[in-house]
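Overview (structure and organization)
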Amino acid sequence: MERWAALELASTIRHDGEGSVADDLATVQGLKDWLRRHQALLDGHTPADEGTVDEELRLRVVELRRAVRALFARAVSPARPSPPDAHRLMPADRAVDHLNAAAALVPVVPQLDWPLEGPPGARLSATRDDPDTVLLAALARAAVDFLSGPLREQLRACTAPRCVRYFVKDHGRQEWCKPSCGNRARAARHYDRHHRAPGGTAVSS
C-alpha cells in the first residue's frame, strides 16, 4: 500500500479505537516513535540521534501539521473536513505561508545515484546538516508535492462514524478510508433507517 509523508503527518491525529481522538505527537517520545517508524518514507531526513529530538522540535512539527491539516481541509472543500480540528483550523493563507517558509529552510540540490548494478536515479540532498531543520523542510516539501500534484484531487475526509482520517481515494466509488470504516458506516445507516422516526427523532424500543 502506497504511503505519503504528508498524509502520514496529518494522520498523527487519529481515532484511538475507544471513541476518542489520539495525538501521536503529543509528547517528545511520541515524535521519536513516529520518526522511527517513518525513516524510510522520509528518505533519511530524520535526525540520526534521537537525543536531538526535543520539545522545541515537537512543537515545530505540530505547527507544520496544523498547516498541512488546514490545507487538506481546503483541498476536500466543499465536503466537510476531518472533524477534530475543523472548528479551529489555521487560516488557509497563513497555512500556505507557513508551509512555504518551512520548505525553504533548507535548500536542496539534485544528486545522481548510479549503482554498479541497475539504472541511475536522482535524489535531493540538503545543503545544511542541522537535523531539525532538515526534517522540517523535508516534511514541508512532501506536503507541497502532495498538494500541488494530482493526489490533491483524490484526497477525502473519511465520513465513517468516529473516523478522523484523511485518505487518498483509489477507486471511483470509495467513500471510506478502510473496509472497517465502511462496515461501521453501513451499520450506522442501517440503525438510522430502522430506529428513527420520519422526523429524525429516535424510536424507542
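Heads up: the structure comes first, above all this text.
Here goes a summary of the coordinates provided. (Residues numbered from 1 in each chain as written. Predicted model: local features only at pLDDT ≥ 70, side-chain atom pairs only at ≥ 80, totals over all residues. Heavy atoms only, no water.)

A few words now on the packing of helix α3 (residues 55–76) against helix α5 (residues 131–148). Where α3 contacts α5, the two axes come as close as 11 Å, and the packing angle between them is 5 degrees. When the axis of α3 is compared with that of α5, the two are roughly parallel. For the pair α3 and α5, the contacting residues are Leu57, Arg60, Val61, Leu64, Val68, Leu71, Phe72 and Ala75 in the first and Asp132, Leu135, Leu136, Leu139, Ala140, Ala143, Phe146 and Leu147 in the second. Each residue belonging to the contact of α3 with α5 can be placed in one class, and the counts come to 14 nonpolar, no polar and 2 charged. (Axes fitted to C-alpha atoms, helices over the stretch in contact; angles between N-to-C directions. Helix = DSSP H or I, 4+ residues; strand = E, 2+ residues; numbered from the N terminus. Parallel < 35°, antiparallel > 145°, perpendicular 65-115°, else oblique. Contact = heavy atoms within 4.5 Å. Nonpolar A, V, L, I, M, F, W, Y, C, P; charged D, E, K, R; others polar.)

Looking now at the packing of aromatic side chains. Two aromatic rings are characterised by how far apart their centres lie and by the angle between their planes. Taken as a whole, this structure holds 3 aromatic pairs when the rule is applied. Aromatic pair Trp4 and Phe146: ring centres 6.3 Å apart, planes at 70 degrees, arrangement edge-to-face. Of this pair, Trp4 sits in the segment before α1 (5–10) while Phe146 is found in helix α5, placing the two residues 142 residues apart along the sequence. Taken as a pair, Trp4 and Phe146 share a single burial class, namely buried. (Phe/Tyr/Trp six-rings, centres within 6.5 Å; stacked < 30°, edge-to-face > 60°. Buried < 20%, exposed > 50% of the residue type's maximum accessible area, 1.4 Å probe, protein only.)

Attention now goes to the environment of Leu105. Position of Leu105 relative to the elements: it lies in the loop between α4 (92–103) and β3 (108–113). Residue classification places Leu105 among the partly exposed residues on the basis of a relative accessible area of 28%. The spatial distance from the C-alpha of Leu105 to the C-alpha of Thr133 is 6.5 Å, given a sequence separation of 28 residues.

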